[in-house]
Amino acid sequence: MGCDGGTIPKRHELVKGPKKVEKVDKNAELAAKWKYCALSQEKLKRPIVACELGRLYNKDAIIEYLLDKSAERPNSEVVAHIRSIKDVKELNLTDNPAWEGERHNIKGDCYEDMHCAMFICPVVGLEMNGKHKFLYLQTCGCVFSERALREVKTEICHKCGDPFQEDNLVMLNGSKDEVEKLQKAMEERRLKAKTAKKSKKSKDTKVSKSLDSTAPGPSTSGECSKMLKAPAGPIAGSKRSIQDMKDKSETYKSLFTSHSSAKRTKDQISNWVTHTPYHF
């Protein structure tokens, strides 16, 4: 079976060597990062959001993930650090005027430039296709190229004018080392926020305890109950006396017919005489 008819097998046909490592096409890798959602693997469409590690997502895909985290997804590990919608930022992107959209090449009979991106840098005009480094601001969500921020140094956003600091810059689709740095910075921010929340909670508890201590306790509650149970009498320092109060109450009661003063004795009661015309 085989090797007949004067055929001479070669060495690579008889000896199986180590398998060659398949190299990933760089253009395909860049297109996957910059044109497709990191979670759903669908094409990016507005609104587009970015996480603290610089990955790009469709906002509806993130919302679906947060609503049902138990569902099986092929790329769920890329969003394991996203706890709520606050952990992502909606990007303020600048459209590329040279981008003609997907309808330009529906038939597939014309040339399509794979490096043409949907968005560009609003300062220097570089396309956001993966060949140039891009960053976004966590404060406002505006996206710029690294060259623009390096050449035009400022502490105010070039697009919206909001102030920012260097810590607010996040690299989009950075290298492995850059992602590790972003992850460390993210963990530090979350730890600081957690400690600040705990300290604020402890302060609130201290304030509530101090308010409880100033409120009347068991020692003073007896005195308060005695004051409440004490019969209503003249207040200290007032000119009213108990006799005056009694006189006023008696005067008020005498206005009614049921009072003893309104009742007459037998001597005071006169007999009634009925007038009839026959009496005379």
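Keep in mind it's a predicted model, so treat the numbers as computed, not measured.

Undergrad: Run through the overall build of the protein, naming residues and quoting values.
TA: Within the protein, the regular secondary structure consists of 7 helices and 8 strands. When burial is assessed residue by residue, the protein has 23% of its 280 residues classed as buried. Put simply, of all contacts in the protein between residues at least 6 apart along the chain, 49% involve residues at least 24 apart.

Undergrad: Account for the sheet that holds strand E2 (residues 56–58), with residues named and values stated.
TA: One open sheet accounts for 3 strands, arranged E2-E1-E3; its pairing is antiparallel. The two strands at the open ends of the sheet, each matched to only one other strand, are E2 and strand E3 (88–90). Pairwise comparison of adjacent strand axes, ignoring direction, gives a mean angle of 35° for this sheet. Sheet topology places strand E1 (residues 48–51) next to E3; 3 bridges connect them, and they run antiparallel. Considered in E3, the bridge of Cys-51 is made with Val-88.

Undergrad: How would you explain the environment of Ile-85 if you had to name every residue and give the values?
TA: Inspection of the secondary structure assignment puts Ile-85 in the loop between helix H3 (59–67) and E3. Look at Ile-85 and you get partly exposed, because its relative accessible area is 38%. The spacing of Ile-85 and Ile-63 is 22 residues in sequence and 7.3 Å in space, taken between C-alpha atoms. Setting aside residues up to four positions removed in sequence, Ile-85 forms contacts with Ile-62, Ile-63 and Leu-66.

Undergrad: Could you give an account of the nonpolar core, with specific residues and numbers?
TA: What tends to happen in soluble globular proteins is that the nonpolar side chains get buried as a cluster. Within the largest apolar cluster, 42 residues are counted, with the highest numbers of intra-cluster contacts made by Tyr-57 and Leu-172. Mapped by element, the contributors of at least two residues to this core are E1, E2, H3, strand E6 (134–137), strand E7 (143–145), helix H4 (146–151), strand E8 (169–171) and helix H5 (176–214). Among all residues touching Leu-172, those that are not within four sequence positions of it are Trp-34, Ala-50, Gly-54, Leu-56, Met-128, Phe-134, Leu-135, Tyr-136 and Val-143.

Undergrad: So what's going on with the sheet that holds E8? Residues and values would help.
TA: Strand order in the open sheet made by the 3 strands is E7-E6-E8, with antiparallel pairing throughout. If you trace the sheet from one side to the other, it starts and ends with E7 and E8, each paired once. Averaged over all neighbouring strand pairs, the angle between strand axes comes to 35°, with direction disregarded. Where E6 lies against E7, 3 bridges are found, and the strand directions are antiparallel. Bridge pairing in E7 links Phe-134 to Ser-145.

Undergrad: Provide a residue-level description of the pairing of E6, including the pertinent values.
TA: Burial of the side chains of E6 extends over both faces: Phe-134 and Tyr-136 are buried on one face and Leu-135 and Leu-137 on the other. Following E6, the chain reverses through 5 residues before pairing antiparallel with E7; Gly-141 in that reversal takes a positive phi of roughly 85°. Bridge count for E6 against E8 is 3 bridges, and the pairing is antiparallel. The partner of Leu-135 across the bridge, within E8, is Met-171.

Criteria and cut-off values
- Residues numbered from 1 in each chain as written.
- Predicted model: local features only at pLDDT ≥ 70, side-chain atom pairs only at ≥ 80, totals over all residues.
- Heavy atoms only, no water.
- Helix = DSSP H or I, 4+ residues; strand = E, 2+ residues; numbered from the N terminus.
- Buried < 20%, exposed > 50% of the residue type's maximum accessible area, 1.4 Å probe, protein only.
- Contact = heavy atoms within 4.5 Å.
- Pairing = 2+ DSSP bridges.
- Axes fitted to C-alpha atoms, helices over the stretch in contact; angles between N-to-C directions.
- Core = buried A, V, L, I, M, F, W, Y, C linked by side-chain atoms within 4.5 Å.

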